[in-house]
Each structure stands twice: as structure tokens, then as C-alpha cells.
Amino acid sequence: MNRRRPPRSASAEELLTTLHQLTSRARREVELHQARVELAEALQREMLPSSLPDLPGLQTAARYTPARSGLDIGGDWYDGFLLPDGSLAFAIGDVQGHDVEAAAFMGQVRIAMRALAVTAADPGEVVRRTNDLLLSVDSGLLATCTFVRIDPFSRELQSARAGHVAAVWATVDGRAGTTEDEGGLPLGIQTGEEYPVSTRRLTTPGAFVLLTDGVIEGPSYSIDEGLDAVVRLVSSRVGDDADELADAILGTAERTGHEDDAAVLVVRHDAFPAAPA
């Protein structure tokens, strides 16, 4: 009396119906996810600059590659533009997250920096005002970045860093290293944060490289190991043109086995023209 009746076996037709339903649901989810990826890719393409400024004695090049999976996009960005006083501005950054929201926030950071750089010559002030502006819109996202200003006449490079990885530099006389400026908190954490400015003179031909952590960190490398590898690479190929050097540096990201976006911006400086009398 207590024995249970064995369950009825599903018919082949019922199994096929269930399989069709599961397949249809999976396809809809894949299509939805793919649509988000394509939107993020479109945002990424439109928000990154189509070209970078060059001046006599100075070459620039940038590279970007999405995460290894090809599904996470939108976090890393770079920019370069001419300022009204003839100086050049360059920026690179990494937004928290890799989706449509991150791509949109990246665009906000880039536009804010462009607008503020016109009214504030000091890179630390540009980063500080960008931070306060982003906090005022309360997006809840964070971003790291480095902002650089180069005066082609004084050959002075000034930079400010908001929680971002150090830049790499090398000169043709054999010197090389990473920037050691103190920096401040990432953007989007605390209002009123100050961002110290680091200054160097580009008196010897060489290269100055901005990058994101996707280039130097991965399952195979720690950040310090990755930075050391890029320093050695830039030092050994400092005579290459900017495009060749950018390609070579991005290759470092492949060796790390990275799972993140990766961006590189190279400023290759030769003999700048003399300042006007």
C-alpha cells in the first residue's frame, strides 16, 4: 500500500518540446547579451579619438584591445588633443566595470577632461575638477586616470595621476624607468581630493608611455613584473617610431594572459623645435 507508483517516462515528443523551449530561451539570452556587447563596442569606437595630435619633433600613437573573452568592453580609454595655448594634452584611464554603463561613464570622463583642460592649465587641477564634477552626477562608478600636459616650447611634461598605474619612460642615452609621482585617489571616491603634479623635461630624445593595467597584469604577471617588462621593452626599442612601439607594447598584454581591456598611448619625442624669439 505504501509503494509509490513509478513516474511516467516522458515521451520523445515531450522531451523534444522541452529541449526546444530551453534552446529558445538560451538563444534569446545570447542575443540580448550580444546586443549589449555590440552597443558597448559602438560606444567605445565613437568615444575614442579617431586621431592624436602630432607636432614637429613629436610622434604619438595609441592602441586598444578588448578583454580576451571579447565580451567585456567599455572600461579603458585614451585621449589626446591640442590646447588653445599650443600645448598638447593626453589622458588615459580605466573605468570600473566593462559594460554599456562603463562605456558611457568613460565618455563622461573624457568629455569632462577636455572641457576643463581648456580653463585649467595645471594637470592636477584638471583631474581635481573632473573628480568633483563626476561625483556631482552620482553615477556610483569609479575610474583611474593619468592626465598629461606637454609644452612643446619649454619641453616640459607635467602629469597628474588618479589611482592609475605609473607611466613608463626611456631615453636614447640608456636611461629608463617609471614615473614615481604620488598621485591621488581614483575619480569618483571623495570630493576635494588633491592630485599632485609631477614635472619632467624632455631634453633628451626618447619615449613616454601611458598604459592601463590590462597591459601589465594578468594570470601570468603581477603589475610590478609587467611594468618591468614594459620598461625593458621601451628601453630596447626607444628608437622605433610611435606606431611600432605601441604595437610592441600591446604585445606585452598577450604574454600576461590578460583578461581585461588594454590600452597604450605612446609619445615619442625627438628634438623639439626651438622656442620662438
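A brief structural summary. Since the model is a prediction, treat every value here as computed from it, not as a measurement.

1. Focus on unusual backbone geometry
If you check the backbone angles, arginine 155 has positive phi at about 60 degrees while not being a glycine. Tracing the backbone shows arginine 155 in the loop between strand E4 (143-151) and strand E5 (156-162). Among the residues examined, arginine 155 registers a relative accessible area of 25% and is labelled partly exposed.

2. Points about the nonpolar core
Soluble globular proteins: nonpolar side chains tend toward being buried together. Core analysis: the biggest nonpolar cluster contains 44 residues, and Trp77, Val127, Phe147, Leu187 and Leu265 have the highest contact counts within it. For this core, the element with the most residues is helix H2 (residues 100-119), which contributes seven residues. Setting aside residues up to four positions removed in sequence, valine 127 forms contacts with Met113, Cys145, Phe147, Ala160, Ala162, Leu187 and Tyr195. Judged by nonpolar contacts, the second largest core, of 25 residues, contains Ala61, Leu227, Leu245 and Ala262.

3. Re the sheet that holds strand E1 (residues 58-65)
The strand order across the open sheet built from five strands is E1-E10-E9-E6-E7, with neighbouring strands paired in antiparallel fashion. The open sheet has two free edges, formed respectively by E1 and strand E7 (176-178), since each of these has just one partner strand. When strand polarity is set aside, the average angle formed by the axes of neighbouring strands in this sheet is 15 degrees. Pairing of E1 with strand E10 (residues 262-269) involves eight bridges; the strand directions are antiparallel. When the bridges of E10 are listed, glutamine 59 appears paired with arginine 268. Sheet strands touched by helix H5 (residues 223-236): strand E6 (168-171), E7 and strand E9 (206-211). Its angle to E6, the strand with the most contacts, is close to 25 degrees.

What counts, and at which threshold
In this convention, every chain numbers its residues from 1, walking through the sequence in written order. Local features in this predicted model are restricted to residues whose pLDDT is 70 or higher, and side-chain atom pairs enter the listing and the counts only when it is 80 or higher, whereas totals over whole chains, interfaces and linings include all residues. Calculation of side-chain values draws on the structure's entire complement of heavy atoms; hydrogens and water are dropped beforehand. Starting at the N terminus, helices and strands are each numbered in turn, a helix being any DSSP run of H or I of at least four residues and a strand any DSSP run of E of at least two. Only protein chains enter the area calculation, which uses a 1.4 Å probe; residues under 20% of their type maximum are buried, those over 50% are exposed, and those in between are partly exposed. Only buried residues count toward a nonpolar core. Its members are Ala, Val, Leu, Ile, Met, Phe, Trp, Tyr and Cys residues joined through side-chain atoms within 4.5 Å. When checking whether two residues touch, look at their non-hydrogen atoms; a contact exists if any pair is within 4.5 Å. Pairing between two strands requires that DSSP report at least two bridges joining them. To get an axis, a line is fitted to the C-alpha atoms, and for a helix only the part in contact is used. The angle between two axes follows their N-to-C directions and goes from 0 to 180 degrees.

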